[in-house]
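Coordinates in review
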Amino acid sequence: MLICDLQVIRKENAMNLQIMGPFARHIRWGGLFLLVLFSLLLSGCNSMRIIESQVQTSTQWPTGTASQSAVPAKAFFRLDRLPADVNNLQAGWAEVELEAALAPLGWTRNDIQAQYTIWIGVRAAEFIADPWGRPVRSPWTNRITVNIGTGYYRPHGMGWGLGMRSGFPPPSGYAQEVSIIIRDLQTSNVVYQTKAMHEGPWTDHQNIWRAMIGAALQGFPNPSVLNRRVDTTIAR
């Protein structure tokens, strides 16, 4: 009786394998495909980063008439540089990037027929960050302390203590800033001023500044929202 039962079980298993064989192969290939797709998605996410820029813009374009718009869609400009930045390679790099960013917006550099002057400034500063990447006031929030003094309970004794806080040395972060000022050559008045600020762990300042220049000019020449956050996705 036992032998017969075993034979019946073997036949049922064989039939199940014949029925499930094609499906099992499809399941295996499907699982492998999902695994590869998930790996590609992870690698794609790891290769990109989002630069969050806090942008503040102020516009003072002159009041236009019915036949002429106050905000020019196309214009010529020349670059303005502070005396301290005459030989500053960083300032020269920023001006080249600004020209490239303004060209698609209809603004072209022309030093002879310029209607406006444009100044651009970029800077970066390192700060001490807390575990969440936020700046802290004290440069050393995590430190080692050694205390030596007379014992309280023993008049002639000496006591010492050693204390340590975790996370030494503290992590660093970087604050980047881009400022752009446009002046009307006829009146010397500032007609457009914008600033973008970003804080993060990235040290490749030029890549960050390039994204921030685009963020500062978002909505140029007359953005609908003056104080805004602009997110820009760039490669790591």
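Above this text sits the structure in question.
Let's talk about the overall build of the protein
Along its length, the protein carries 3 helices and 9 strands. Counting helices and strands in the order they occur from the N terminus, the protein gives α-β-β-α-β-β-β-β-β-β-α-β. Looking at the protein residue by residue over its 236 residues, the buried ones come to 28%. Counting only contacts in the protein whose residues sit at least 6 apart along the sequence, the fraction spanning at least 24 positions is 72%. Surface exposure of the protein reaches about 16,700 Å², of which carbon and sulfur atoms provide 59%.

Here we look at helix H3 (residues 205-216)
End to end, H3 covers 16 Å across 12 residues, agreeing with the expected 16 Å (1.5 Å per residue, within 8%). In this structure, the buried residues of H3 make contact with strand E1 (48-59), helix H2 (89-102), strand E4 (116-128), strand E7 (172-184), strand E8 (190-200) and strand E9 (227-235).

So, the nonpolar core
Residues Trp 107, Ile 180 and Ile 182 are the most contacted members of the largest nonpolar core, which totals 33 residues. Going through the elements one at a time, E1, strand E2 (75-79), H2, E4, E7, E8, H3 and E9 are the ones with two or more residues in this core. Looking at this core, the element that brings in the most residues is H3, giving 7 residues. Apart from the residues lying within four places of it in its own chain, the contact partners of Ile 180 are Leu 98, Ile 118, Trp 119, Ile 120, Tyr 192, Gln 193, Thr 194, Ala 216 and Leu 217.

Describing the pattern of salt bridges
For the coordinates displayed, the defined rule picks out 8 salt bridges. With a closest N to O distance of 3.8 Å, Glu 52 and Arg 229 form a salt bridge. Highlighted residues: Glu 52 in strand E1 and Arg 229 in strand E9, separated in sequence by 177 residues. A salt bridge links Glu 97 to Arg 210, with the shortest nitrogen-to-oxygen separation between them at 3.1 Å. On the criterion of sequence distance, the pair formed by Glu 97 in helix H2 and Arg 210 in helix H3 is long-range, its members being 113 residues apart.

Considerations on the pairing of E1
As defined by bridge partners, E1 adjoins E9 across 9 bridges and the pair is classed as antiparallel. In the sheet register, Glu 52 faces E9, and the bridge partner there is Asp 231.

Points about the packing of aromatic side chains
Per the stated rule, a full pass over the model turns up 7 aromatic pairs. Measuring from ring centre to ring centre gives 5.2 Å for Trp 107 and Phe 220, while their planes differ by 75°; the resulting arrangement is edge-to-face. Of this pair, Trp 107 sits in strand E3 (residues 107-109) while Phe 220 sits in the loop between H3 and E9, and the two are 113 residues apart along the sequence. One aromatic cluster is present, built from ring pairs that chain together Trp 61, Trp 107, Tyr 116, Tyr 192 and Phe 220. Cation over ring: Arg 49 sits above Trp 202, and NZ or CZ is 4.7 Å from the ring centre.

A word on the sheet that holds E8
Here we have 7 strands laid out as an open sheet, ordered E3-E2-E4-E7-E8-E1-E9, and mixed in their pairing. If you trace the sheet from one side to the other, it starts and ends with E3 and E9, each paired once. Adjacent strand axes in the sheet meet at a mean angle of 30°, parallel and antiparallel pairs treated alike. Of the pairings in the sheet, the one linking E1 to E8 comprises 6 bridges and is antiparallel in character. Within E8, the position partnered with Thr 57 by the bridge is Thr 194. Relative to E4, H2 is tilted by about 120°, and along the sheet it contacts E2, E3, E4 and E7.

What to know about the packing of H2 against H3
Axis separation between H2 and H3 bottoms out at 10 Å; the angle between their running directions is 40°. Comparing their axes, H3 and H2 come out oblique. Considering the relative orientation of H2 and H3, their crossing is right-handed. For the pair H2 and H3, the contacting residues are Gln 90, Trp 93, Ala 94, Glu 97 and Ala 101 in the first and Gln 206, Trp 209, Arg 210 and Ile 213 in the second. For the contact of H2 with H3, a count of residues per class yields 5 nonpolar, 2 polar and 2 charged.

Cut-offs applied
Residues numbered from 1 in each chain as written. Predicted model: local features only at pLDDT ≥ 70, side-chain atom pairs only at ≥ 80, totals over all residues. Heavy atoms only, no water. Helix = DSSP H or I, 4+ residues; strand = E, 2+ residues; numbered from the N terminus. Buried < 20%, exposed > 50% of the residue type's maximum accessible area, 1.4 Å probe, protein only. Contact = heavy atoms within 4.5 Å. Areas by Shrake-Rupley, 256 points an atom, 1.4 Å probe, with all protein chains shown as cover. Expected span 1.5 Å × (residues − 1). Core = buried A, V, L, I, M, F, W, Y, C linked by side-chain atoms within 4.5 Å. Salt bridge = Lys/Arg side-chain N within 4 Å of Asp/Glu carboxyl O. Pairing = 2+ DSSP bridges. Phe/Tyr/Trp six-rings, centres within 6.5 Å; stacked < 30°, edge-to-face > 60°. Lys NZ or Arg CZ within 6 Å of the ring centre and 35° of its normal. Axes fitted to C-alpha atoms, helices over the stretch in contact; angles between N-to-C directions. Parallel < 35°, antiparallel > 145°, perpendicular 65-115°, else oblique. Left-handed = near helix turned anticlockwise from the far one by under 90°. Nonpolar A, V, L, I, M, F, W, Y, C, P; charged D, E, K, R; others polar.

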